[in-house]
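If you want the building blocks of each chain, they are given just below.
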Amino acid sequence: MDELAYSSRMVDWAPLGKLLLVMCLLIVGLITESIVVPMITFVIGILLMAYSTNMKIPLILSLAIGEAILIMIIGSGMISIMGDPNEPALWEGQILWFKIHMTATSFNKAWIIFIRAIAGVTLMLSFASSTPIPHLAQAFRSLHFPSEITELIVLIYRYAFLLLERFLVMIDAAQCRLGYNGSLTAMRSYGGAMAGTFIFSMEMAEKSEAALACRNYNGYFPIYRPPRKMSVMWPIVAIGSAVVLYVFGLYSVGWIDMQQIFAPLFGW
Amino acid sequence: MMTELFRLEDVTFAHNPNVPPVMDGFSLTIEGGRRTAVLGANGAGKTTLFYTLTGVHRPQKGQVLYNGSPIDYTREGLRDLRSDVAVVLQNPDEQIFCSLVEEDVAFGPLNLGIDRDEVEARVEKALRDMRISEYARRPLQQLSGGQRKRVAIAGALAMQPKIMIMDEPTAGLDPQASMEVMELAEKLRLNGVTVLISTHDIDLVYRWADVSDVLNKGKIEFTGDADEFYSDPERVYDCGLLIPSVYGMNKDVSAVNGMDASPYPHSCSEFTAKFGRPSEVGTVYCVPVEEAEAADRYDSVMKDMRGMCTGVYGPDVRYALRERDVEFRFDAVDACFLKAVEGKDTVLFYDPIYDVSVKEQAKRLGAFGADIRTEAVR
Amino acid sequence: MSDSLLRTEKVTFSYSRKGAKVLDEMDIDIPVGKKTAILGSNGAGKSTLFSVLNALNKPASGKVYYKDAPMSYSHSGKIRMRSEVSILFQNPNEMMFKPYVEQDVAYGPENMKLPKEEVEERVQEALFAVGMEAYRKSPIMKLSYGQRKRVTLAGVLAMRPSVLIMDEPTAGLDPQMAYEVMEIAEQLNSSGVTVIMSSHDTDLVYSWADEIRVLNSSKCVYSGIPEPFYEDYQLVQKAGLLMPSVYRMNRTFANLGKCELEPYPHTQSQLSVKISDRCATDFGVMNVVKVDKDTDIPALLASEGLEGLPIGIYGMSARTARNKTEMSVDFMYNGPENCIRKCLSGEDSVLLCDPIMVDKAVSSADFINGNGYGKIDVRTV
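Residues numbered from 1 in each chain as written. Chains lettered and ligands numbered in written order. Predicted model: local features only at pLDDT ≥ 70, side-chain atom pairs only at ≥ 80, totals over all residues.

**Some words on the overall build of chain B**
Here's step 1: Counting secondary structure elements, chain B contains 16 helices and 14 strands.
Here's step 2: Taking 378 residues into account, the globule formula puts the C-alpha radius of gyration at 21 Å, and chain B, at 22 Å, falls close to it.
Here's step 3: Projecting the C-alpha coordinates of chain B onto the three principal axes gives extents of approximately 65 × 55 × 35 Å.
Here's step 4: Out of the 378 residues belonging to chain B, those deemed buried represent 57%. (Helix = DSSP H or I, 4+ residues; strand = E, 2+ residues; numbered from the N terminus. Rg over C-alpha atoms; globule rule 2.2 N^0.38 Å. Buried ≥ 20, exposed ≤ 12 C-beta atoms within 10 Å, placed from the backbone.)

Rendered as structure tokens:
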């Protein structure tokens, strides 16, 4: 993920500013009743991500979004078929022991939740894919988060890669000694590799303490190329756009009725 | 020039009271400006010694004096000590803490609280000296082991220490990269930095070191001139070490030829000078040159000296002449002098700072009966 | 080519689809029963080549042949390849899967689904071969780095591979341990195993290898005996390597007219004898004494009248036998070389030798005897 973040075109944007913007858009998408607003924030999210990755959204991000959409579809589907039984049903039926009662309200509600959710996911991903962990830590620091936690995040983050590397090498080593000859053996080999990696992490922790001291560590990780500080423009733009969208949301309630759009398709 | 930097007085250190001490009554002096090698088998206490010198380990008994006064183990005291003493650990992964190359190189200087412009200049120079400028903004997990080693060394260089401690600096590096590291160590020394190296490559360190400190099972076994230490094979074996090949061959051939084993040759050129007994030696034409002018100088010098073997020494000149057709790109001083022993003339281009080392090598060869002329090319 | 055991044909491999090619149409062959060194700078593709040779990685294109049959990547094919071709990783900590020595050594054979008795026998044999019998029940965590290296080597040996690949076997080891590991490799080679190793120690490789293969930027740029490669200085330089010091010095002495260029010396004693003045008829005698692990060494030496001579040791059974007697040995490491050096100085010497290594020990005098540099009598006892 960090590789992606460092190559992002938005890496130099102030992390706090990015966070604020994303949060504002997220919140406004959640609190307005209009479906148009989350649609707009979704588009903003996609645009940000496209800009950040220079139009080359990598496979892993697309997979993440795809998976999120899949989960949302299932969730929204559930919501849409559990409408208020007192309202007229668009579709009624029974699947196994599950009673289906889809109403216009529930259908619209499901849509709005679905769009809010994917808008949220894309916005958060656009932030995550453009902000390396050290920058995030810097942002936390400027918000006066407890320093122990931020430093721990940085260290864990660094060692996670080393541990992963070591684990992969051990898996290879196990293969060389036929460690995957049969499922029981494979399980045992995985166990062995896990244990080995764990021991390695203990050794590493011990050694890195001394190594940190040698390099004059005094309790926090300085940052060589600090990300830009948040300028006044950031809160103005973030809050401003949130307000505009909110007002627009009030005005645009009911602009798009999903039920009517889909009606011809299903003959409602 | 010889100043006493560190003095250990009867230093004993154990990781905890229930295990035997890793350092058991160490008394040792480390002098400034000398190439110091620390030798010993795995587990002899080398790394512990290094950590003691940087104040990470505080001895239970005895004391460590730095510049004549005991190490001050307060926060400020340690900061001052560690801004003078930098360590490169054997395994680069242990000492790399940041995710980007340049971030990590800047880590030490930033911790020292040096101002930003200075840090930037240092980082840039360290990256260039280790030839990793092109990786500056790459995440570390994309780099190979050898590249990470370079990052670790660059990180120590950027601290601009007075004392540079390198634990196995050449382990895992290919032969040419090892030579580069040794060149760098020499450059540091010429810049007034005291360099301590521990390594298992006895041949390499035999050639390089002025002083050898040998550790054995938690004790200082020997300190002084390596030739004296190797004259007692049993002691060498007992320390888990072996005799360097040049030393062994010198002893054998001297014995068979009925010659005196002294003077002891330490490098290929010295060995061949001693036993080849050249009737006629060549000249080494010396061209100390700054990086910016190196390419032009090379072209103009080689116009007059067509067909001669050439060598480059030093990271800057090597980089400047990367496009030129140079015979000896690595270990060039020894290679050029070896050619001179054969009676051939060579041209040696080097960073001006190495002038002293080149002259020193010529003088050493004189002791073996090869009066090789070094002539500065105008 | 019937003498090649492993062969790759235009093998191309990269770790990710768009990533750089780590192996690029590489052709390489490994001769059977020999000691082959793979050389190359950092990142030349050595480790990746190893992983292709034992079917750990499947090449994107090209073929790998084992005993002239193309490698199969079916489950059983991979299992077969990996039990034939074993890799010893550089860092022993990456190969430890079990908490106790004997369990870890048994890990490979157990995975081969061998019967219990056979596993037991192999563990026993492998631990003996690396001289770690006494540590059978020890927890691995308590062992030193060098000891762990030997345990992992035993773990690989217990699978009785036909090919042993060692990735930087001496890295991080102190000089004595490095020689021990090299001696074990030598012993395996004597018992018929094809040994491949990669190393950055130019001098060590030069004294050890029969054949070298040089990799440079994902291709194999040289295969054959070492000398023609080192003759081409440009190529050496481009490959990120340096010339071995024995080779360099020999060439200088030859240019000075001190000796002929050929035969090329590979060890210190060989170079020493080439350049020393004395036309020697008064070299000492090297007594090569075959020692089983149950031999009573002092008694044997006494009966042969060889007491009081400098003693070298070579091979595992000799080491085991000597450990039982606690007698002192002059050369614990690099035995044959050191004994020859003693002989050069005119003294007799004794080499306690594993029966399987006798031929190797005897042949170490060939360079001197066969090229007219003098005569070292070798007496096998």
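**Focus on the interface of chain C and chain A**
Here's step 1: Every contact between the two is made by 22 residues of chain C and, on the other side, 17 residues of chain A.
Here's step 2: When the residues that make up the side of chain C that touches chain A are grouped by side-chain class, the tally is 10 nonpolar, eight polar and four charged. (Contact = placed C-beta atoms within 7 Å. Nonpolar A, V, L, I, M, F, W, Y, C, P; charged D, E, K, R; others polar.)

**Some details on the packing of helix α2 (residues 15-31) of chain A against helix α3 (residues 36-52) of chain A**
Packed helix pairs are specified by the crossing angle of their axes together with the interaxial distance, meaning the distance between the axes.
Residue and element names in this part refer to chain A.
Here's step 1: At their nearest, the axes of α2 and α3 sit 8 Å apart, and the two run at 155 degrees to each other. In this view, α2 runs roughly antiparallel relative to α3, as classed from their interaxial angle. You can see that α2 and α3 cross each other, and the crossing is left-handed. Across the interface between the two elements, Leu25, Val28 and Gly29 from α2 touch Val37, Pro38, Thr41 and Ile44 from α3.
Here's step 2: Split by residue class, the contact of α2 with α3 holds five nonpolar, two polar and no charged. (Axes fitted to C-alpha atoms, helices over the stretch in contact; angles between N-to-C directions. Parallel < 35°, antiparallel > 145°, perpendicular 65-115°, else oblique. Left-handed = near helix turned anticlockwise from the far one by under 90°.)

**Comments concerning the domain arrangement of chain C**
All names here are of chain C.
Here's step 1: Taken domain by domain, chain C consists of domain 1 (4-238), domain 2 (245-274) and domain 3 (280-380).
Here's step 2: The C-alpha-based centres of domain 1 and domain 2 are spaced at 31 Å.
Here's step 3: Contacts between domain 1 and domain 2 engage five residues on the former and six residues on the latter.
Here's step 4: For the side of domain 1 that touches domain 2, the elements supplying multiple residues, two or more each, are α7 (202-208) and α8 (226-231).
Here's step 5: Considering every element that reaches the side of domain 1 that touches domain 2, the biggest residue donor is α7, with three residues.
Here's step 6: Here the residues of the side of domain 1 that touches domain 2 are counted per class, giving two nonpolar, one polar and two charged. (Domains from an automatic or database assignment.)

**Regarding the packing of α2(A) against helix α5 (residues 104-128) of chain A**
All names here are of chain A.
Here's step 1: Look at α2 against α5: their axes get within 10 Å of each other, and the N-to-C directions meet at 180 degrees. What the angle tells us is that α2 and α5 run roughly antiparallel. The residues of α5 that touch α2, namely those facing Lys18, Leu19, Val22, Leu25, Leu26, Gly29 and Leu30, are Arg116, Ala119, Gly120, Leu123, Met124 and Phe127.
Here's step 2: For the contact of α2 with α5, the residue count by class is nine nonpolar, two polar and two charged.

**So, the interface of chain B and chain C**
Here's step 1: Facing 41 residues of chain B, the contacting portion of chain C comprises 40 residues.
Here's step 2: Going through the elements one at a time, α7 (175-190), α8 (202-208), α11 (245-257), α12 (268-276) and α15 (332-341) of chain B are the ones with two or more residues in the side of chain B that touches chain C.
Here's step 3: For the side of chain B that touches chain C, the element with the highest residue contribution is α11(B), accounting for eight residues.
Here's step 4: For the side of chain B that touches chain C, the residue count by class is 21 nonpolar, 13 polar and seven charged.

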